[in-house]
Amino acid sequence: KAGVTQTPRYLIKTRGQQVTLSCSPISGHRSVSWYQQTPGQGLQFLFEYFSETQRNKGNFPGRFSGRQFSNSRSEMNVSTLELGDSALYLCASSSTRDRGDSPLHFGNGTRLTVT
Amino acid sequence: SQKIEQNSEALNIQEGKTATLTCNYTNYSPAYLQWYRQDPGRGPVFLLLIRENEKEKRKERLKVTFDTTLKQSLFHITASQPADSATYLCALPEGHGGSQGNLIFGKGTKLSVKP
């Protein structure tokens, strides 16, 4: 079974630009979560989607948004990029929301650098 | 709000010894707690889950304990090997019985096993 795939792996953008990151979950997984990882803050929850609906949202500004498609693939978008948005963005899928303790399966992330 | 503290940023041990990593949480006891391993440049990989009514869980050389009185989980790697060198993260749901999407993570402990 293929794992979680995130594209692109690396991205360099300029302040003020916007960026779209893509995530393909494990086949059959309907829940997709996004996290931002920085050395100072660690892993911070951005949002979670299940069956195309945003179920939970972390404490990030509205510049961070996401969506999920009918095939469970997900995208996140960051508009008006700031230097502080430089981070590793991780996507994770899980098999079910009925049992909340399902493990998260992470992709290897998109490394975003904002200059 | 719930906070997680992994008390050591880094832990250095000799090959063959037992590594013990600590995860403390500050607020209400979670319904479960998970441990992940993260290698440089990769996403976290799920290792073990322990539920609030379980005292201990084992998987091969790994052992996790959960003490709701102390608000603490311990993660042990016995007979450690250099290949165990990685960052280990603990994670728990933000609310009691909370959804998977609200999984919050500690900042991790970087384990180095010297030959």
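Residues numbered from 1 in each chain as written. Chains lettered and ligands numbered in written order. Predicted model: local features only at pLDDT ≥ 70, side-chain atom pairs only at ≥ 80, totals over all residues. Heavy atoms only, no water.

Quick look at the environment of B:Pro30
Residues and elements named next belong to chain B.
Now for step 1: Mapping Pro30 onto the fold places it in the loop between β3 (19-25) and β4 (32-38).
Now for step 2: Looking at Pro30, the relative accessible area reads 0%, which means it is buried.
Now for step 3: Each C-alpha atom, one on Pro30 and one on Arg51, is 8.3 Å from the other, the two residues being 21 residues apart in sequence. (Helix = DSSP H or I, 4+ residues; strand = E, 2+ residues; numbered from the N terminus. Buried < 20%, exposed > 50% of the residue type's maximum accessible area, 1.4 Å probe, protein only.)

A closer look at the state of the cysteines
Now for step 1: The final tally for this structure, using the stated rule, is two disulfides over all chains.
Now for step 2: Through a disulfide, A:Cys23 is tied to A:Cys91; the S-S separation comes to 1.8 Å. Its S-S torsion of approximately -55 degrees makes the covalent link between A:Cys23 and A:Cys91 left-handed. In this pair, A:Cys23 is assigned in strand β3 (residues 19-24) and A:Cys91 in strand β9 (residues 87-94), connecting sequence segments 68 residues apart.
Now for step 3: For A:Cys91, a relative accessible area of 0% translates into the label buried.
Now for step 4: With its sulfur 2.0 Å from that of its partner, B:Cys23 forms a disulfide with B:Cys90. Residues B:Cys23 and B:Cys90 are joined through a disulfide that is right-handed, its torsion about the S-S bond being 65 degrees. In this pair, B:Cys23 is assigned in strand β3 and B:Cys90 in strand β9 (residues 86-93), connecting sequence segments 67 residues apart.
Now for step 5: We classify B:Cys90 as buried; its relative accessible area is 0%. (Disulfide = S-S within 2.5 Å.)

Quick word on the sheet that holds strand β8 (residues 72-77) of chain B
All names here are of chain B.
Now for step 1: Taken together, the five strands give an open sheet; going across it, the order is β1-β3-β8-β7-β6, and neighbouring strands pair in antiparallel fashion. With partners counted over all chains shown, the strands left at the sheet margins are β1 (4-5) and β6 (56-59), one partner each.
Now for step 2: Sheet topology places strand β7 (residues 62-67) next to β8; six bridges connect them, and they run antiparallel. What sits directly across from Leu62, in β8, is Ile77. (Pairing = 2+ DSSP bridges.)

Examining the side chain of A:Thr38
Now for step 1: On the secondary structure map, A:Thr38 appears in strand β4 (residues 31-38).
Now for step 2: Among residues more than four places away in sequence, those in contact with A:Thr38 are A:Ser86 and A:Ala87. (Contact = heavy atoms within 4.5 Å.)

Looking at the sheet that holds strand β7 (residues 64-68) of chain A
Residues and elements named next belong to chain A.
Now for step 1: The sheet built from four strands is open, its strands ordered β1-β3-β8-β7 with antiparallel pairing. Each of the sheet's edge strands pairs with one partner strand only, and the pair in question is β1 (5-7) and β7. Geometrically, the sheet is characterised by an average inter-axis angle of 20 degrees between neighbouring strands, direction not taken into account. (Axes fitted to C-alpha atoms, helices over the stretch in contact; angles between N-to-C directions.)

What about the packing of aromatic side chains?
Residue and element names in this part refer to chain A.
Now for step 1: On inspection of all chains with the given rule, the structure shows twelve aromatic pairs over all chains.
Now for step 2: Aromatic side chains Tyr35 and Phe45 sit 5.6 Å apart centroid to centroid with 65 degrees between the ring planes, which places their arrangement in the edge-to-face category. Residue Tyr35 is found in strand β4, and its partner Phe45 is found in strand β5 (residues 42-50); the two are separated by ten residues along the sequence. Of the two residues, Tyr35 and Phe45, neither departs from the other in class, the shared state being buried. (Phe/Tyr/Trp six-rings, centres within 6.5 Å; stacked < 30°, edge-to-face > 60°.)

Some remarks on the nonpolar core
Now for step 1: The biggest cluster of nonpolar side chains holds 24 residues, and the ones touching the most others in it are B:Leu33, B:Trp35, B:Phe75, B:Tyr88 and B:Leu111.
Now for step 2: Mapped onto this core, the elements with two or more residues apiece are β2 (10-14), β3, β4, β5 (45-51), β7, β8, β9 and β11 (109-114) of chain B.
Now for step 3: Judged by nonpolar contacts, the second largest core, of 21 residues, contains A:Leu46, A:Tyr49, A:Leu81 and A:Cys91. (Core = buried A, V, L, I, M, F, W, Y, C linked by side-chain atoms within 4.5 Å.)

Thoughts on the pairing of β4(A)
Residues and elements named next belong to chain A.
Now for step 1: Of all eight residues in β4, eight are buried; the element is thus mostly enclosed.
Now for step 2: Burial along β4 is two-sided: Ser31, Ser33, Tyr35 and Gln37 and Val32, Trp34, Gln36 and Thr38, pointing in opposite directions, are all buried.
Now for step 3: Pairing analysis gives eight bridges linking β4 to β5, with the strands arranged antiparallel. Looking across to β5, one finds that Tyr35 is bridged to Phe45.
Now for step 4: Between the antiparallel neighbours β4 and β5 lie three residues.
Now for step 5: Of the pairings in the sheet, the one linking β4 to β9 comprises seven bridges and is antiparallel in character. Following the sheet pairing, Trp34 is matched in β9 by Cys91.

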